[in-house]
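# Remarks on the overall topology
For reference, the chains in residue letters:
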Amino acid sequence: MLQEESDLSLIIAQIVQKLKGSNLYAQLERQAWACLQRPEIKLESLKEDIKEFFKISGWEKKLQNAVYSELSVFPLPSHPAAPPEHLKEPLVYMRKAQGSWEKRILKSLNSMCTELSIPLARKRPVGEQKELLSKWNEMGTDEPDLSLFRPVYAPKDFLEVLINLRNPNYENGDSLSFRTHLGLIQVPLKVKDIPELKEFFVELGLTTGQLGIDDSTQVPPELFENEHVRIGQKVLAEQDGAAAQQYIRQGSPTALRADLWALILNISSQPEDILYYEQLKTNVIQHDLLVDSLIYKDVKLTASNDDYYFVFEDYLYQVLLCFSRDTSVLGHFAYNSASPPKSYIRGKLGLEEYAVFYPPNVAPLCFLYHEPSKLYQIFREMYVRFFFRLHSISSHPSGIVSLCLLFETLLQTYLPQLFYHLREIGAQPLRISFKWMVRAFSGYLATDQLLLLWDRILGYNSLEILAVLAAAVFAFRAVNLMEVTSLAAAEAVLADLSTLKVMPLLQIFLFATVT
């Protein structure tokens with residue numbers, strides 16, 4: 001009991017400290033000073049009167065949303081004497097593997113710089129700055145020669161690193177259940193089984209209304225969809241982040257999604273947010289980083305050729321280029337097993353730091369947000385809250401290692417015949433599904449289905465649904481997969497996911513197919 005109280009006190013103190021550096025704290029201070037001039041504020045009941053003013057004026061709700069948002073990303077309590085690296089990742093072998101992976105990426109970047117005789121970072125000449133500024137909103141029309149630039153890594157490279165992960169304490173296979181896992185991931189992490197997943201995703205049950213299912217059946221819309229929209233409007237009117245997160249577990253109406261996601265992520269377009277985005281834009285204009293060319297090539301190879309996303313090409317450049325300059329992102333490394341690589345402007349060694357990332361596709365968010373600064377804030381928050389876990393090695397339940405293990409465990413346990421068949425023909429299921437999960441299914445599902453999936457990521461504050469969906473896709477295509485005789489044939493069966501309906505797949509797999 002004392003330990004729980006101590007943990008709670010520590011969490012409260014850290015959240016208070018975090019909020020003290022926020023714009024909200026400054027706004028609350030200004031409002032508190034302003035309300036002292038009001039006649040109803042009495043000296044003898046000052047504290048209660050100010051609290052009542054905050055409640056009536058809506059500032060209390062904003063503070064509650066900010067605290068709830070911080071709790072959503074707050075690392076689990078650890079021993080007070082634990083060193084900082086334990087907050088990042090408690091398992092030593094995971095930290096070592098992540099460190100080795102970072103060195104490999106940096107080596108690739110540095111060798112590319114050497115081969116191409118270009119710096120990691122440089123200040124752009126004035127003429128180049130003016131040119132970039134003039135075409136800021138039409139960067140997609142530019143066609144630079146990027147043939148010599150190569151991707152830093154591909155998903156299959158990252159998968160090979162995860163496959164080779166081993167816990168040195170289990171070298172002799174002490175655990176029977178661990179030894180009987182025949183998948184590619186060979187680390188003993190605790191993942192949920194079907195009963196636990198059913199309990200966790202209880203709102204996805206067959207008896208609960210869902211957007212993505214009810215709106216495509218013969219059920220009259222007024223029985224669910226209209227009522228769901230009405231409740232969503234009420235949630236938005238109340239501006240309650242916790243209620244919005246619970247609500248979105250049943251899916252978000254298209255017209256309300258942008259506002260609901262912003263409420264859950266505690267994002268509001270304040271003048272200072274727009275100014276901050278403009279400062280990042282200025283940084284892009286002034287400085288050229290090696291990662292700029294990599295981002296440009298990645299967008300050209302992916303979104304530019306995508307039937308859904310090619311129209312957002314300019315937005316993608318703007319958001320990703322600004323993201324690569326945003327030092328506020330560095331804060332998430334406190335609970336991320338990764339560490340930020342740094343590059344320096346020549347002659348300014350140690351003065352200017354830039355984090356180099358390989359972010360997942362930002363394109364789906366372009367369907368929701370058309371104001372660049374708002375789009376940027378949503379993407380940044382989605383990345384530091386969720387998507388970074390898909391690109392770093394950790395033991396977190398939403399980390400890519402755990403997702404891979406969960407996917408393989410679900411298949412081996414509940415679809416053993418399919419799992420063993422694919423394994424025997426050299427088509428380990430994870431080699432096919434890994435690219436889906438590492439990109440959170442972006443670029444594979446139709447956009448409306450992808451957004452319904454991401455609704456649930458936000459609603460449950462977890463990425464585990466990615467592994468469940470990957471297993472559900474294999475279950476759905478099981479009959480065809482049982483007939484294939486090679487990895488190439490299995491990949492062909494699963495090559496096109498654009499016609500799949502996400503919610504029926506998840507419901508049937510969790511609550512009907514397996515027991």
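Rules used throughout
Residues numbered from 1 in each chain as written. Predicted model: local features only at pLDDT ≥ 70, side-chain atom pairs only at ≥ 80, totals over all residues. Heavy atoms only, no water. Helix = DSSP H or I, 4+ residues; strand = E, 2+ residues; numbered from the N terminus. Contact = heavy atoms within 4.5 Å. Areas by Shrake-Rupley, 256 points an atom, 1.4 Å probe, with all protein chains shown as cover. Buried < 20%, exposed > 50% of the residue type's maximum accessible area, 1.4 Å probe, protein only. Polar contact = N/O pair within 3.5 Å; in protein donor to acceptor, adjacent residues only side chain to side chain. Salt bridge = Lys/Arg side-chain N within 4 Å of Asp/Glu carboxyl O. pLDDT = per-residue confidence, 0-100. Phe/Tyr/Trp six-rings, centres within 6.5 Å; stacked < 30°, edge-to-face > 60°. Lys NZ or Arg CZ within 6 Å of the ring centre and 35° of its normal. Patch = residues over 30% accessible without salt bridge, like charges linked within 9 Å, V, L, I, M, F, W, Y side chains within 5 Å. Axes fitted to C-alpha atoms, helices over the stretch in contact; angles between N-to-C directions. Parallel < 35°, antiparallel > 145°, perpendicular 65-115°, else oblique. Left-handed = near helix turned anticlockwise from the far one by under 90°. Nonpolar A, V, L, I, M, F, W, Y, C, P; charged D, E, K, R; others polar. Expected span 1.5 Å × (residues − 1). Arc of directions from axis to C-beta.

Within the chain, the secondary structure is distributed over 25 helices and two strands. Long-range contacts, defined as pairs at least 24 residues apart, comprise 76% of the intrachain contacts of the chain with a sequence gap of at least 6. When the accessible surface of the chain is totalled, it reaches about 25000 Å², and 55% of it is carbon and sulfur.

So, about the side chain of Asn65. Relative to the assigned elements, Asn65 resides in helix α4 (residues 59-73). Asn65 sits in the buried class, given a relative accessible area of 8%. Here Gly241 takes part through its backbone nitrogen, which lies 2.8 Å from a polar atom of the side chain of Asn65. Apart from residues lying up to four places away in sequence, Asn65 is in contact with Gln239, Asp240, Gly241, Leu263 and Asn266.

Once that is clear, we can look at the pattern of salt bridges. If you walk through the whole model with that rule in mind, you get 17 salt bridges. Arg380 is the salt-bridge partner of Asp326, the closest N and O atoms lying 2.8 Å from each other. One end of the pair, Asp326, is in the loop between α16 (313-323) and α17 (372-385); the other, Arg380, is in helix α17, with 54 residues separating them in the sequence. Here the two residues Asp326 and Arg380 agree in accessibility, since each one is buried. Between Arg423 and Glu424 there is a salt bridge; the shortest N-O distance is 4.0 Å. The network of salt bridges with shared partners includes Arg122, Arg124, Glu128, Asp288, Asp292 and Arg325.

Our focus in this paragraph is the confidence of the model for the chain. Close inspection of predicted coordinates is inappropriate for parts of the model with low pLDDT. The predicted model of the chain averages 82 in pLDDT, with 85% of residues at 70 or higher. For the chain, the element scoring lowest by mean pLDDT is helix α9 (residues 176-179), at 49; helix α22 (residues 464-476) scores highest, at 97. Low pLDDT (under 50) marks residues 343-360, which in the prediction has 54 contacts with non-local residues, meaning those over four places away or in another chain.

A few words now on the packing of aromatic side chains. As enumerated under the stated definition, the model contains 15 aromatic pairs in all. Taken together, the ring pairs in this structure connect Phe407, Trp436, Phe441 and Phe474 into an aromatic cluster. Sitting over the face of the ring of Phe200, Lys192 holds its NZ or CZ atom 4.6 Å from the ring centroid.

Taken together, Trp33, Leu36, Leu43 and Leu46 make up a surface patch of nonpolar side chains, about 450 Å² in accessible area. Topologically, Leu43 is positioned in the loop between α2 (23-35) and α3 (46-57). Overall, the relative accessible area of 73% leaves Leu43 in the exposed class.

Now for unusual backbone geometry. Although it is not a glycine, Ser117 adopts a positive phi angle of roughly 55 degrees. As for its placement among the helices and strands, Ser117 is situated in the loop between α6 (92-116) and β1 (121-123). Judged by its relative accessible area of 64%, Ser117 falls in the exposed class. Even without being glycine, Gln239 reaches a positive phi, approximately 55 degrees.

This part covers the packing of helix α20 (residues 429-438) against α22. Contact pair α20 / α22: the axes reach a minimum separation of 10 Å and the direction vectors enclose 130 degrees. Relative to α22, the element α20 lies oblique. When you trace α20 past α22, the crossing you get is right-handed. On the side of α20, the interface is formed by Pro429, Ile432, Ser433, Trp436 and Met437, while α22 contributes Leu466, Ala467, Ala470, Val473 and Phe474. Its residues assigned to classes, the contact of α20 with α22 comprises nine nonpolar, one polar and no charged.

What follows covers α3. Between the first and last C-alpha of α3 there are 16 Å, a value that for 12 residues agrees with the 16 Å anticipated at 1.5 Å per step. Those residues of α3 lying buried are Asp49, Ile50, Phe53 and Phe54. Across the axial projection of α3, the buried residues extend over an arc of 140 degrees, all falling on one side. What points out from α3, more than 90 degrees from its buried face, is the exposed set Lys47, Lys51, Lys55 and Ile56. Residues of α3 that are buried make contact with α2 and α4.

Turning next to the environment of Arg249. For Arg249, the position within the fold is in the loop between α12 (241-247) and α13 (254-264). Taking the C-alpha atoms as reference, Arg249 lies 6.6 Å from Glu203; in sequence the two are 46 residues apart. Excluding its chain neighbours within four sequence positions, the residues that come into contact with Arg249 are Glu203, Leu204, Gln210, Arg456, Gly459 and Tyr460.

As for its position among the elements, Trp101 is in helix α6. Judged by relative accessible area, Trp101 falls into the buried class, the value being 3%. Apart from residues lying up to four places away in sequence, Trp101 is in contact with Tyr153, Asp157, Phe158, Val161, His391 and Ile393.

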